Amino acid sequence: MSKAVRFSEYGTLEVLRVEDVARPVPGTGQVLVRVRAAGINPVEVGIVSGFFEGHWPATLPAGLGSDLAGVIEDVGDEVRGFEVGEEVLGFTHTFDVTRGSFAEYVLVEATELVLKPAGVSWEAAGGLFVAGTAAYGSVRAVAPKPGETVVVAGAAGGVGSLAVQLAREAGATVVGLASERHHAWLTAHGIIPVTYGSGVADRIRAATGGPVDAFIDTVGADYVDLALELGVAPDRINTTINFAAVAEHGVKAEANLQAATAEVMAELAGFVDKGLLEVPIEAVYPLDQVREAFEHLTRGHNRGKIVLVP
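Not measured: the values here are computed from a predicted model.

A.B. asks: What is the right way to look at the sheet that holds strand E8 (residues 149-153) in this model?
C.D. replies: Strands belonging to one sheet form pairs held by backbone hydrogen bonds; the direction of such a pair is parallel or antiparallel. The strand order E10-E9-E8-E11-E12 describes an open sheet built from 5 strands, whose pairing is parallel. Of all strands in the sheet, those with a lone pairing partner are strand E10 (192-194) and strand E12 (237-239), marking the two edges. Adjacent strand axes in the sheet meet at a mean angle of 15° when their direction is disregarded. Alignment of E8 against strand E9 (residues 173-177), held across 5 bridges, turns out to be parallel. Within E9, the residue paired with Thr149 across the bridge is Thr173. Relative to the sheet, helix H6 (residues 200-208) contacts E8, E9 and E10, its axis offset from that of E10 by approximately 160°.

A.B. asks: Hey, could you run me through H6 in this one?
C.D. replies: Counting along an α-helix, one turn takes 3.6 residues, and residues three or four places apart therefore face a common direction. Those residues of H6 that sit buried are Val200, Ala201 and Ile204. Each buried residue of H6 sits inside an arc of 105° when the element is viewed along its axis, so together they form one side. Facing away from the buried surface of H6 by more than 90 degrees, the exposed residues are Asp202 and Ala206. Downstream of H6 by one or two residues, Gly209 has phi in the positive range, about 65°.

A.B. asks: Got a minute to help me understand the pairing of strand E3 (residues 30-39) in this structure?
C.D. replies: Every other side chain in a regular strand lies on the same face of the sheet, so the side chains alternate between the two faces. Summarising burial for E3: 8 of the 10 residues are buried, a large majority. In terms of strand pairing, E3 meets strand E6 (residues 105-109) through 5 bridges, oriented antiparallel. Paired with Gln30 across the two strands is Glu109, which belongs to E6. Pairing of E3 with strand E4 (residues 67-75) involves 6 bridges; the strand directions are antiparallel. Across the sheet, the residue bridging to Val35 is Gly70, located in E4. Across 2 bridges, the pairing between E3 and strand E14 (residues 305-309) is antiparallel. Along E14, the bridge assignment pairs Ala38 with Leu308.

A.B. asks: Mind showing me how you'd approach the packing of aromatic side chains here?
C.D. replies: The geometry of an aromatic ring pair comes down to the distance between the two centres and the angle between the two planes. Applying the stated rule across the entire model yields 4 aromatic pairs. Aromatic pair Phe7 and Tyr10: ring centres 6.2 Å apart, planes at 50°, arrangement tilted. Ring plane angle 10° and centroid distance 4.1 Å describe the contact between Phe91 and Phe129, whose orientation is recorded as stacked. In this pair, Phe91 is assigned in strand E5 (residues 87-91) and Phe129 in helix H3 (residues 129-142), connecting sequence segments 38 residues apart. The exposure class assigned to Phe91 is buried, which follows from its relative accessible area of 4%. The ring of Tyr105 has Arg23 sitting right over it, with the charged end atom 4.8 Å from the ring centre. Over the face of the ring belonging to Trp122 we find Lys116, whose NZ or CZ atom lies 4.7 Å from the ring centre.

A.B. asks: How should I be thinking about the nonpolar core in this particular structure?
C.D. replies: As a rule of thumb, nonpolar side chains are buried together in soluble globular proteins. With 48 residues, the main nonpolar core has Leu89, Val152, Val164, Leu166, Val174, Leu186 and Leu268 as its most contacted residues. With 8 residues, H3 is the single largest residue contributor to this core. Those residues in contact with Leu268, other than ones at most four positions away along the chain, are Leu128, Gly132, Thr133, Tyr136, Leu166 and Leu277. If you look at the next biggest cluster of nonpolar residues, it comprises 34 residues, including Phe7, Val31, Phe82 and Leu113.

A.B. asks: How do you make sense of the side chain of Asn302 when you look at a structure like this?
C.D. replies: By secondary structure assignment, the location of Asn302 is in the loop between helix H11 (290-299) and E14. A polar contact of 3.4 Å, which involves the side chain of Asn302, links it to the side chain of His296. Sequence-distant contacts of Asn302, defined by excluding residues within four places in its chain, comprise Ala156, Gly157, Arg181, His182, Glu282, His296 and Leu297.

A.B. asks: Looking at this structure, I do not really get the pattern of salt bridges. What am I missing?
C.D. replies: Side-chain pairing between opposite charges can occur once the charged atoms of the two side chains come close. Scanning the entire structure with this criterion turns up 10 salt bridges. Across the pair Glu14 and Arg291 runs a salt bridge, and its minimum N-O distance is 3.1 Å. Taken together, the residues span a long stretch of sequence, with Glu14 in the loop between strand E1 (2-6) and strand E2 (17-21) and Arg291 in helix H11 at a distance of 277 residues. Judged by relative accessible area, which is 46%, Glu14 ranks as partly exposed. In this structure, Arg23 engages Glu73 in a salt bridge whose closest nitrogen and oxygen atoms are separated by 3.8 Å. Placement of Arg23 in the loop between E2 and E3 and of Glu73 in strand E4 is noted, with a sequence separation of 50 residues between them. Using a relative accessible area of 40% as the deciding quantity, one classes Arg23 as partly exposed.

Conventions adopted
- Residues numbered from 1 in each chain as written.
- Predicted model: local features only at pLDDT ≥ 70, side-chain atom pairs only at ≥ 80, totals over all residues.
- Heavy atoms only, no water.
- Pairing = 2+ DSSP bridges.
- Helix = DSSP H or I, 4+ residues; strand = E, 2+ residues; numbered from the N terminus.
- Axes fitted to C-alpha atoms, helices over the stretch in contact; angles between N-to-C directions.
- Contact = heavy atoms within 4.5 Å.
- Buried < 20%, exposed > 50% of the residue type's maximum accessible area, 1.4 Å probe, protein only.
- Arc of directions from axis to C-beta.
- Phe/Tyr/Trp six-rings, centres within 6.5 Å; stacked < 30°, edge-to-face > 60°.
- Lys NZ or Arg CZ within 6 Å of the ring centre and 35° of its normal.
- Core = buried A, V, L, I, M, F, W, Y, C linked by side-chain atoms within 4.5 Å.
- Polar contact = N/O pair within 3.5 Å; in protein donor to acceptor, adjacent residues only side chain to side chain.
- Salt bridge = Lys/Arg side-chain N within 4 Å of Asp/Glu carboxyl O.

The values are spatial; any link to function lies outside them.
See below:
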């Protein structure tokens, strides 16, 4: 038997349980991974509540979790390129009793795994998929060029902390909107920190001394309106949350779904391995404190990722 997070009904975080389950057996094309780390994400709160049932339906009783990193324990038929004992990172989008990554063991399609570089910590590898691919897709959507200025709202969060670094790596001048406690971290990564709140447009203009070319919104609220106020063209604005603004203003909403591939995962892991990308870790919780981990997440104002360690 092994441990896994399960929920048998939609509801609040109280429906989450850590239960004893049978160790999964890989089928054709599948790999059994012993999980070493698994990042949690805001979207999973919506999955548990049933808010995203139409997009990511759960087969109740269900597992939970997409991000994962661990060691291969077994491989199914027709799996090529992976062997028992290798260290991997990846993702699973299927929420049933064998597939959620918040578990000691999880079944993963071989096509959703890549080898973990030696220079990537378990915590960083386990928290990379959702936030990393959303950041990658967001930056690609606004296509920053060397010498341009990009503003990122929510610059210290799971997605934002990676987006600012990727935009900076593309050669852009990057302004990060975040609370003051995150300013030192942003400055250390070559980002111009600006405090959000009343008067933020004037603070951005003062910090940049010129036009803003692109804007990435990872928060929602009125940030698309702020981008338009700053003169950013709608096709250079990307939001991961404000989907109503897509129809209203013609902005983009490209993120995880456009970049959720093993190829992008491998590229991001390579950036981390080479020291070009840091995955900030806000906190690490044991698997049996999954509710506490999500409560920490929902308090907000976190820097980077919160990770479960079975």
